[in-house]
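# Summary of the model geometry
Now for the letters of each chain:
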Amino acid sequence: MTGVDRSPSAGRAAWLALLLAFAAATRFHGLTANAMWADELFSWRLTTLDVSQILQIVAGDVHPPLYFLMLKPVTSLFGDSLTVLRGFSAIPSVLSCGLLFLFLDRRAGRPVAVAAALILIASPASIHYAQQIRGYALCELLAVAVVAALFRYVERPGAGRLAQFFLCCITLDYLHFIGPFVLAGLFALALWLFVTGRIARRELVAVVGTMGLATACLVPWLWVLLTRSHVVGSQMHVFDGLSGVIEAVKVFVKLLGGFVAVGPALLLWAAGLARQSGARPALRLCGRASATKVNLLMTGHVMALIPFGLFALMGIVGGPFIRLHPAIVASPWLAVLLATCLLRLPPRPQFFLGAMFGAALGYSALTIPYRLDQVPVAAVLDVAARERVRTIVAYGEELALTQRFLGRSDIRIADLRAIPAGLCGGRVAVEIMPRDSAYDAASHSVTYGLTAPGGQQRRFALPSTLRLIGERRFPLHNMWKPGVVEQYRLLLFDTPACVFGRGQAARQPVGDRS
């Protein structure tokens, strides 16, 4: 039979290949351009340990262990180069874009599928987390997979498809503690499907029971976390009151596509809702569709806003160990939401708003730095070596871990909180982080933790025999302030004699400053 194939699958493979290539280009471009930062170094360090040590260390942190247990065999097979480590996040992010396209193509049509995939591909938030040695990109993939698995079961119930849905749920739970928040959104989505007649009571019970079982499987790890974590209950990651609201707004703006694109995105959202509800009653926002024709506007609202909203709410009321960046799981469904709103508009405003949003999103993706307060460690070590620095005094272990990762031993890294004896002669450098630390020439001391909650600032006196001879500056980009470049400083001191180790006064902090 000749002629053009007009079946729904016509051109699907070609579109999928094109979108995957575009996604890979945006996520692998500049993948190794920046040195690792503290959280990435933590992930790499765990790959050098055995499984029992990984479980023991992660039990003292706040994250489930699955990502780290998956990363270790990858590094054992392919090495621990920066390309391999970050590629383990970039590949799932690319697959997220492809899976979102496949999920939407049959259920909502080719235009919505392509538009949503393109928005996700160009999302600065998605690109940012695709280039980090953390589990967020895998969470993004599972946030798409778990919804796709739910609809596969709803469309054709069966034990095999229910098992796939369970596997997605429990994997998401053990990847990151954002998992239960996504399941809360799925619960609301399943109820909406039941109320609108898309699934029967029997399927609803099966879906809710499966999510409950997956959540119950997380209880053993939650018990370990609550009994062994040193982070739970601390003030390190707590947002409260107005600061929590501000952080929630910042992250929501970030997920919408960056500061430049947020205006057109909100216009799209408002115009799409007005178009949907203007000619019909507001309750028709949910729409009426068959089980295979999903109303993506409602699905996007539920899966984008409920997990993010619940997670942000815990930060607002001051819950422990709350960080808002794992709300990346909302990013694919915000893309669906915006694509659906765009395609509901008449042709002329659709073209105008679509062009404006596309240009703003592209500009955001290409220009907003993807590293927040990223210390250029490799450059710092190179400059220190040229300046004949023998020791760099740092607050924390980021420099030391990076030096170990790079395999360099030409410069000694000393912790300012416990300066060891034996640092004699040569030059010493002291790191000064922007906003978080400062050097006071009058008292010859360094204060760290300027941005920490009250009572957590620490002031360290430097030995009087250290003589300041200059400094070197390195540019740092702040993701929340596009275009603003801050300075990481390396203070250079001469040490004409053995100045450290002359008693406890040189090694201990001289007091706190709140």
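Residues numbered from 1 in each chain as written. Predicted model: local features only at pLDDT ≥ 70, side-chain atom pairs only at ≥ 80, totals over all residues. Heavy atoms only, no water.

### Quick word on the overall build of the protein chain
Per the secondary structure count, the protein chain includes 19 helices and nine strands. Looking at the protein chain residue by residue over its 514 residues, the buried ones come to 51%. When the accessible surface of the protein chain is split by element, carbon and sulfur atoms take 63% of a total near 22300 Å². (Helix = DSSP H or I, 4+ residues; strand = E, 2+ residues; numbered from the N terminus. Buried < 20%, exposed > 50% of the residue type's maximum accessible area, 1.4 Å probe, protein only. Areas by Shrake-Rupley, 256 points an atom, 1.4 Å probe, with all protein chains shown as cover.)

### Section: the packing of aromatic side chains
Following the criterion strictly, the structure yields eight aromatic pairs and no others. Taking 5.9 Å as the distance between ring centres and 90° as the angle between the ring planes, the aromatic pair formed by F103 and W333 counts as edge-to-face. Residue F103 is located in helix α5 (residues 82-108), and its partner W333 is located in helix α16 (residues 331-343); the two are separated by 230 residues in the primary sequence. Comparing F103 with W333, the two get one shared label, buried. By the ring-pair criterion, three or more aromatic residues cluster together here, those being F42, Y67, F68 and F88. (Phe/Tyr/Trp six-rings, centres within 6.5 Å; stacked < 30°, edge-to-face > 60°.)

### A short note on the environment of V154
Turning to its location among the elements, V154 is positioned in helix α8 (residues 136-155). Distance in space between the C-alpha atoms of V154 and I199 is 6.4 Å, their sequence separation being 45 residues. Excluding residues that lie within four positions of it along the chain, V154 makes contacts with L193, R198 and I199. (Contact = heavy atoms within 4.5 Å.)

### Quick notes on helix α18 (residues 377-386)
Of the residues making up α18, those classed as buried are V377, V380, L381, V383 and A384. Buried residues of α18 fall within an arc of 165° about the axis and therefore sit on the same side. (Arc of directions from axis to C-beta.)

### A few points about the pattern of salt bridges
Using the criterion set out here, one finds 11 salt bridges in the structure. A salt bridge links R86 to E40, with the nearest nitrogen and oxygen atoms 3.0 Å apart. Here the residue R86 occupies a position in helix α5, and E40 occupies one in helix α2 (residues 38-47), the gap between them amounting to 46 residues. Among the residues examined, R86 registers a relative accessible area of 0% and is labelled buried. On the basis of relative accessible area, E40 is assigned to the buried category, the value being 0%. Residue R473 pairs with E471 through a salt bridge whose shortest N-O separation is 2.7 Å. In this structure, a network of salt bridges that share partners links the residues E387, R427, R467, R472 and D494. (Salt bridge = Lys/Arg side-chain N within 4 Å of Asp/Glu carboxyl O.)

### Brief notes about the nonpolar core
If you look at the biggest cluster of nonpolar residues, it comprises 101 residues, and the most contacted ones within it are V147, F165, L186 and L189. With 14 residues, α8 is the single largest residue contributor to this core. Listed in part, the 19 residues of the second largest apolar core include L381, V383, Y488 and L490. (Core = buried A, V, L, I, M, F, W, Y, C linked by side-chain atoms within 4.5 Å.)

### Some details on the pairing of strand β2 (residues 412-415)
Note that strand β1 (residues 389-394) and β2 share four bridges and pair parallel. When the sheet's bridge partners are listed, T391 is paired in β2 with R412. (Pairing = 2+ DSSP bridges.)

### Examining the pairing of strand β4 (residues 437-440)
Of the two faces of β4, the one lined by S437 and Y439 is fully buried and the one lined by A438 and D440 carries no buried residue. Examined bridge by bridge, β4 and strand β5 (residues 445-448) share four bridges and lie antiparallel to one another. When the sheet's bridge partners are listed, A438 is paired in β5 with T447.

### Some details on α2
Along α2, the residues that are buried comprise E40, L41, S43, W44, L46 and T47. Contacts made by the buried residues of α2 are with α3 (51-59), α4 (66-78), α5 and α19 (398-406).

### Quick look at the confidence of the model for the protein chain
When pLDDT is averaged along the protein chain, the result is 76; 72% of the residues meet or exceed 70. Confidence drops under a pLDDT of 50 for residues 230-241, and excluding neighbours within four residues, the segment shows 32 contacts in the predicted structure. Predicted confidence for residues 278-293 stays below pLDDT 50, and this span has 22 contacts to residues more than four positions away or in other chains. (pLDDT = per-residue confidence, 0-100.)

### So, the state of the cysteines
Think of a disulfide as a covalent bridge from one cysteine sulfur atom to another cysteine sulfur atom. On inspection of all chains with the given rule, the structure shows zero disulfides. Free of any disulfide, C168 has its nearest neighbouring cysteine sulfur in C169, separated by 7.0 Å. (Disulfide = S-S within 2.5 Å.)

### Some details on the side chain of E203
By the secondary structure assignment, E203 is in helix α11 (residues 201-216). Residue contacts for E203: discarding those within four places in its chain leaves Y153 and P157.

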